[in-house]
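# Examination of the molecular architecture
For reference, the chains in residue letters:
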Amino acid sequence: MTKAEVISEIAEKTGIEKTDVAATVEAFFKVVKDSMSNGNNIYVRGFGSFVNKKRAKKVARNISKNTAIIIDEHFIPSFKPSKTFIQKIKNSKKLNVATISQ
């Protein structure tokens, strides 16, 4: 499902104009990105958590030049679904097999 399809479905279910829904969805994404870039985690009860994970400094290899590269300590965004979200997916009967195999 694409972002446009999500926006269309929300507009259909709520009766709100697509442009308003699109602005709200974009605002949500902006808040998540801005908050996480400032080091804050976001917790949405019943849905999941958007958290910053810390990656330690490590030595990697550039295979083509056969040299060592030092990758500094850094943070990456991560999403952890809530238990209720996980249960809902586990209990669902309809699963798109084509999406899984890709």
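Residues numbered from 1 in each chain as written. Predicted model: local features only at pLDDT ≥ 70, side-chain atom pairs only at ≥ 80, totals over all residues. Heavy atoms only, no water.

- Named according to an unreviewed UniProt entry, the protein is Integration host factor subunit beta originating from Adhaeribacter arboris.
- Taken from UniProt, the Sequence similarities (unreviewed entry) comment for the protein reads in full: "Belongs to the bacterial histone-like protein family." (UniProt positions renumbered as here; feature names shortened; annotations may be inferred.)

## Structural notes on the sheet that holds strand β1 (residues 42–44)
- Strand order in the open sheet made by the three strands is β1-β2-β5, with antiparallel pairing throughout. The outermost strands of the open sheet, each flanked by one partner alone, are β1 and β5 (74–81). Across the sheet, the axes of successive neighbouring strands diverge by a mean angle of 30 degrees, strand direction being ignored. (Pairing = 2+ DSSP bridges. Helix = DSSP H or I, 4+ residues; strand = E, 2+ residues; numbered from the N terminus. Axes fitted to C-alpha atoms, helices over the stretch in contact; angles between N-to-C directions.)

## Some thoughts on the pattern of salt bridges
- This model, assessed by the stated rule, comprises four salt bridges.
- Put simply, Asp 34 and Lys 30 hold a salt bridge, and the shortest N to O gap is 2.8 Å. In this pair, Asp 34 and Lys 30 both sit in helix α2 (residues 18–37), four residues apart, roughly one turn of the helix. (Salt bridge = Lys/Arg side-chain N within 4 Å of Asp/Glu carboxyl O.)

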